[in-house]
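Single-letter residue listing:
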Amino acid sequence: MKTKRRDFLKLSGLAGLTLASDGVLGGLRSDSVGSIAQIIPANSKPEYIRRDHLLNDQIKADFELARNILKPTQKQLEHGLELHQNSLVIESYGFMPRASLDGAKMASAINSGASALEIQEMNEEMIMTRFTNNSKERAEFENAWKAAGVTCIFQNAGEEGNEVKRLLKRLAHFTYATDQMSDFVSRAIRPEDILRAKTENRHALYFSGNGVPLPQDWISVEDELKYINIFFQLGVRMMHLTYNRRNPIGDGCAEKANGGLSDFGRAVVREMNRVGVIVDIAHSGWQTSLEAAQVSTKPMVASHTTVTSLHKHIRSKPDNVIRAIADTGGYIGICCIPRFLGGTGDIAAMMKHIDYVVKNFGSDHVAIGTDVAYFSSYGSEENKKIPAVRKQRAGWEALWPEDSYVETREMERSMAWTNWPLFTVGMVQMGYSDEVIQKILAGNIMRVAKAALA
């Protein structure tokens, strides 16, 4: 149901978030959470349940699997679903729903001798844009958003690395998609655009890049930094310092040397602060993360990660790094990757990582960045049309150390992107107040997004 703006802001914990005359968001108050009863009549079911007939069998099955793991009471379930539906929900890092491939077109390209790069680029463009002109894929796309109840995603609109043309290519796909579907999902360039999307019953993408764009001509520090502002002007609001491997900025999380931030990397952090781009160290090494926090004068984040104290993995963050991030005013986003979570590797494990941060660092310093996507249910049907292609070597950025952790399909399904409402139910189960839950769902991200642009 569509709520009035005033009531929505009260319920979402953002009643103290005002739009100043210059369009900049005002301050967050922490004592302004209203009651769900003010918005939802006692005899009304949450939107998720009312639209159940729109959801496919896989979405329903994933929901039931996760619900059976959490085992909430009926009261907890109903309260969590209502709270989720009527709250601003922002994903700290992830992907909007992905379309299936056009199997016939892919088969034609492969059979005519298309190169590996051509095939990869066709694949990316189709999954990122095909719902703009295919009615079946558009219905899948819209229903997945409705099932998830997510207002805005910090969308990975870049590609792993620093090469400018490579980053521009993927950014173009998401710019095109939001231009074509602005009535349903639009590009947000300021935090108030996200609020506006919620009040208008729409959705939004806040663009993130998986690398800092560098021309790599090495004429001067200033010349190397110039594309940070250019990509900011194109809508990118967050950038990874590194992606797993070492680059001129610093060591990534997969580098055993753990060498930290370079002198150039310090200049990068300062420029990102100046321009208004959030520093993201999700894929950075621990020493790089610590040193970036020492340099940054604005809140920084690890947008999709886990807690080392619960399960050690190169993509997790130890307590001293989490504390350093928190001391900047930032947050860590807990992801939905079983291998990074450890333990049972499911939605229950994810809740434990959220709870650890809340109890040890405070509810102001945690969000949810799933790092997973919904894939169109037509994917299997289309993939059968595509001939096998020669296996490619793993890309440089994707090289991971081997580990013995065994992921199962059930783990992944319990944290399916469309199960977002159950993340809220899980936090209700843990006894969090509505105010704390709404900080984790959106308030912390809004605070950092506002600070970046200050």
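Thresholds applied
- Residues numbered from 1 in each chain as written.
- Predicted model: local features only at pLDDT ≥ 70, side-chain atom pairs only at ≥ 80, totals over all residues.
- Heavy atoms only, no water.
- Helix = DSSP H or I, 4+ residues; strand = E, 2+ residues; numbered from the N terminus.
- Buried < 20%, exposed > 50% of the residue type's maximum accessible area, 1.4 Å probe, protein only.
- Contact = heavy atoms within 4.5 Å.
- Phe/Tyr/Trp six-rings, centres within 6.5 Å; stacked < 30°, edge-to-face > 60°.
- Expected span 1.5 Å × (residues − 1).
- Bend = angle between axes of the 7 residues up to and from the residue.
- Salt bridge = Lys/Arg side-chain N within 4 Å of Asp/Glu carboxyl O.
- Patch = residues over 30% accessible without salt bridge, like charges linked within 9 Å, V, L, I, M, F, W, Y side chains within 5 Å.
- Areas by Shrake-Rupley, 256 points an atom, 1.4 Å probe, with all protein chains shown as cover.
- pLDDT = per-residue confidence, 0-100.
- Core = buried A, V, L, I, M, F, W, Y, C linked by side-chain atoms within 4.5 Å.
- Pairing = 2+ DSSP bridges.

In this section: the side chain of Ser 208. As for its position among the elements, Ser 208 is in strand β4 (residues 203-209). In this structure Ser 208 comes out as buried when scored by relative accessible area, which is 0%. Discounting residues that sit within four places of it in the chain, Ser 208 has contacts with Tyr 93, Phe 154, Gln 155, Asn 156, Ala 157, Gly 158, Val 236 and Met 238.

This brings us to the packing of aromatic side chains. If you walk through the whole model with that rule in mind, you get 9 aromatic pairs. On the basis of an interplanar angle of 90° and a centroid distance of 5.6 Å, the ring pair of Trp 145 and Trp 417 is categorised as edge-to-face. Placement of Trp 145 in helix α7 (residues 135-148) and of Trp 417 in the loop between α17 (409-414) and α18 (420-429) is noted, with a sequence separation of 272 residues between them. Note on Trp 417: relative accessible area 2%, which makes it buried. Ring centres of Phe 154 and Tyr 206 lie 5.0 Å apart, and the angle between their planes is 75°; on these two criteria the pair is classed as edge-to-face. Of this pair, Phe 154 sits in strand β2 (residues 152-156) while Tyr 206 sits in strand β4; the two residues are 52 residues apart in sequence, bridging distant segments of the chain.

Now for the side chain of Arg 413. Secondary-structure assignment places Arg 413 in helix α17. Other than its neighbours up to four places away in sequence, Arg 413 contacts Gln 58, Ala 61, Asp 62, Leu 65 and Asn 419.

Helix length check: helix α19 (residues 434-453) (20 residues) gives 27 Å between terminal C-alpha atoms against 28 Å at 1.5 Å per residue, within 8%. Maximum bend of α19: about 60°, positioned at Ile 440.

Throughout the structure, instances matching the rule amount to 25 salt bridges. Several salt bridges share partner residues, and in doing so they unite Glu 121, Glu 159, Arg 166 and Lys 169 into one network.

On to a nonpolar patch on the surface, then. Where nonpolar side chains cluster on the molecular surface, the patch consists of Leu 168, Ile 230 and Leu 234 and spans about 210 Å² of accessible area. Locating Ile 230 in the fold gives a position in helix α10 (residues 221-233).

With that settled, consider the confidence of the model for the protein. Scored by pLDDT, the protein comes out at a mean of 88, with 88% of its residues at no less than 70. When the criterion is pLDDT under 50, residues 1-51 qualifies, and its contacts beyond four places in sequence or with other chains add up to 106 contacts.

Next up on the list: helix α13 (residues 319-327). Turn by turn, an α-helix covers 3.6 residues, leaving residues three or four places apart pointing in a common direction. Restricting attention to buried positions, one finds in α13 the residues Val 321, Ile 322, Ala 324, Ile 325 and Ala 326. Summarising the contacts, the buried residues of α13 are in contact with α12 (286-295), β7 (301-307), β8 (316-317), β9 (331-334) and α15 (347-361). One or two steps after α13, the chain reaches Gly 329, where phi turns positive at roughly 95°.

Before going further, it helps to spend a moment on unusual backbone geometry. You will see that Lys 71, though not glycine, has its phi angle at about 55°, which is positive. Here Lys 71 shows up in the loop between α3 (57-70) and α4 (74-85). At Asn 201, a position not held by glycine, the phi torsion is positive, near 60°. Relative to the assigned elements, Asn 201 resides in the loop between α9 (191-199) and β4.

What follows covers the nonpolar core. By size, the foremost hydrophobic cluster in this structure holds 128 residues, and its most contacted members are Trp 145, Leu 241, Met 350, Ile 354 and Trp 417. Top contributing element to this core by residue count: α19, with 11 residues.

Moving on to the environment of Phe 63. Following the sequence through the fold, Phe 63 ends up in helix α3. Under the relative-accessibility criterion, Phe 63 is labelled buried at 7%. Residues Phe 63 and Trp 420, spaced 357 residues apart in sequence, show a C-alpha to C-alpha distance of 9.3 Å.

With that settled, consider the pairing of β4. Burial analysis of β4 places 7 of its 7 residues in the buried class, which makes it a mostly covered element. With burial as the criterion, each face of β4 is covered, one bearing His 203, Leu 205, Phe 207 and Gly 209 and the other bearing Ala 204, Tyr 206 and Ser 208. As judged from the 5 bridges shared by β2 and β4, these two strands associate in the parallel manner. Considered in β4, the bridge of Gln 155 is made with Phe 207. The sheet contact formed by strand β3 (residues 185-187) and β4 spans 3 bridges and is parallel. Residue pairing in the sheet places Val 185 in a bridge with His 203 of β4.

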